[in-house]
Each structure stands twice: as C-alpha cells, then as structure tokens.
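Breakdown of the fold
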Amino acid sequence: MYRIGQLAELANVSRRTIDYYTQLGMLNYEKTGSRYRYYTEDALNRLRMINRYKEQNMPLNEIKDRLQVWKATTVDSEQVLFKMDKIAMDLKELENELMELKPLLDQLDEQQVKFAVKQLSVRSSSLLSIIAMLGLSS
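Residues numbered from 1 in each chain as written. Predicted model: local features only at pLDDT ≥ 70, side-chain atom pairs only at ≥ 80, totals over all residues. Heavy atoms only, no water.

Identification of the chain as HTH merR-type domain-containing protein from Peribacillus muralis is taken from an unreviewed UniProt entry.

In structure tokens, the structure reads:
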C-alpha cells in the first residue's frame, strides 16, 4: 500500500496527476481509519500503463476505456497489456532503426545486401511466427 506521495514518486508523476486520474475514475484508492488515501500495486501498474499510453499520444478518454476493458477480465490483464504495449513500442523503435539503416544498405555491394537481407529475414520470420502464434496480427 502506498500513500499518494510514495505512489507519485514511484510512478514519476505528480500528486496532482494522481488526484486527477483518481477523479476521472482511472485509479482507485482505499481509506483506512486515518485521513490518508492508500493506493495498491494495481494503481502503480495502472499509472505505468497510462504513462506508456501517453507516450503513444493516446487521449485520456481512450486510455480510460482501455483500463476499463482490462479491469473486467480475471487474469492479470494489466501486466499482460503492459508487456504487450512495451513490445509494440519496441517494434516501432525497431522500425525507426531500420529506416535509419536503409541509407547504409544502399552503400553495400550486392553480396553484402543479400547476406544482410537473409539475416533480417530469418529474424523477422521468427518474430512473425511468434506474433501469429499469439494471435496478435491485425
């Protein structure tokens, strides 16, 4: 259990932000006999998810909807969603790195290009197999 200041520090957000998300219904807290609000590990995970969604420029109303959908499931869906979002961000970063690599590939001779493409093909086919196995392709 975390008091608001502890939670803010762990999630790297302000207390005011936590208050705002709480008012929007995106975070829940518990009250004990004292006047303090206590947040659980669930709130910390939600804050991390919110931050990740905000990094993707997702509007708060859409973030709230996503949090509601995952709240209704019985598995540790927030952890699953957090990891899936991390993978999506990693893939986007990889895509950007590949775009930066393209001008360098243009400078290679034909044999070097064939070797590079073969290496990339092996790795990408493995990734595509994993995505298909998980049913994540769109």
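This next bit is on helix α2 (residues 15–23). Those residues of α2 that sit buried are Ile18, Tyr21 and Thr22. With its buried residues spanning 105° around the axis, α2 presents them on a single face. Seen from the open side of α2, the exposed residues pointing more than 90 degrees away from its buried face are Arg16 and Gln23. Once α2 finishes, glycine 25 follows within two positions and takes phi at roughly 85°, a positive value. (Buried < 20%, exposed > 50% of the residue type's maximum accessible area, 1.4 Å probe, protein only. Helix = DSSP H or I, 4+ residues; strand = E, 2+ residues; numbered from the N terminus. Arc of directions from axis to C-beta.)

This part is about the nonpolar core. One broad rule of soluble globular proteins: the nonpolar side chains tend to lie buried together. In terms of nonpolar packing, the biggest core is built from 20 residues, with Leu7, Ile18, Leu27, Tyr39, Leu47 and Ile63 touching the most fellow members. Mapped by element, the contributors of at least two residues to this core are α1 (4–11), α2, α3 (41–55) and α4 (60–71). Among the elements that line this core, the one with the most residues is α3, at six residues. The residues contacting leucine 27, other than those within four sequence positions of it, are Ile18, Tyr21, Thr22, Tyr39, Ala43, Arg46 and Leu47. (Core = buried A, V, L, I, M, F, W, Y, C linked by side-chain atoms within 4.5 Å. Contact = heavy atoms within 4.5 Å.)

In a regular helix each residue adds 1.5 Å, so 15 residues correspond to 21 Å; α3 covers 21 Å between its end C-alpha atoms and thus fits that length. The set of residues buried in α3 consists of Ala43, Leu44, Asn45, Arg46, Leu47, Met49, Ile50, Arg52 and Tyr53. (Expected span 1.5 Å × (residues − 1).)

This brings us to the side chain of threonine 22. One can find threonine 22 in helix α2. Residue contacts for threonine 22: discarding those within four places in its chain leaves Leu27, Tyr29, Arg37 and Tyr39.

Turning our eyes to something else, we now look at the packing of α1 against α3. Geometrically, a packed helix pair is captured by the angle between its two axes and the distance between the axes. It is the contact of α1 with α3, at a shortest axis distance of 10 Å, that shows an interaxial angle of 40°. Regarding the angle of α1 to α3, the classification is oblique. As α1 runs across α3, the sense of the crossing is right-handed. Across the interface between the two elements, Leu7, Leu10 and Ala11 of α1 pack against Ala43, Leu44, Leu47 and Asn51 of α3. A class-by-class count of the residues in the contact of α1 with α3 yields six nonpolar, one polar and no charged. (Axes fitted to C-alpha atoms, helices over the stretch in contact; angles between N-to-C directions. Parallel < 35°, antiparallel > 145°, perpendicular 65-115°, else oblique. Left-handed = near helix turned anticlockwise from the far one by under 90°. Nonpolar A, V, L, I, M, F, W, Y, C, P; charged D, E, K, R; others polar.)

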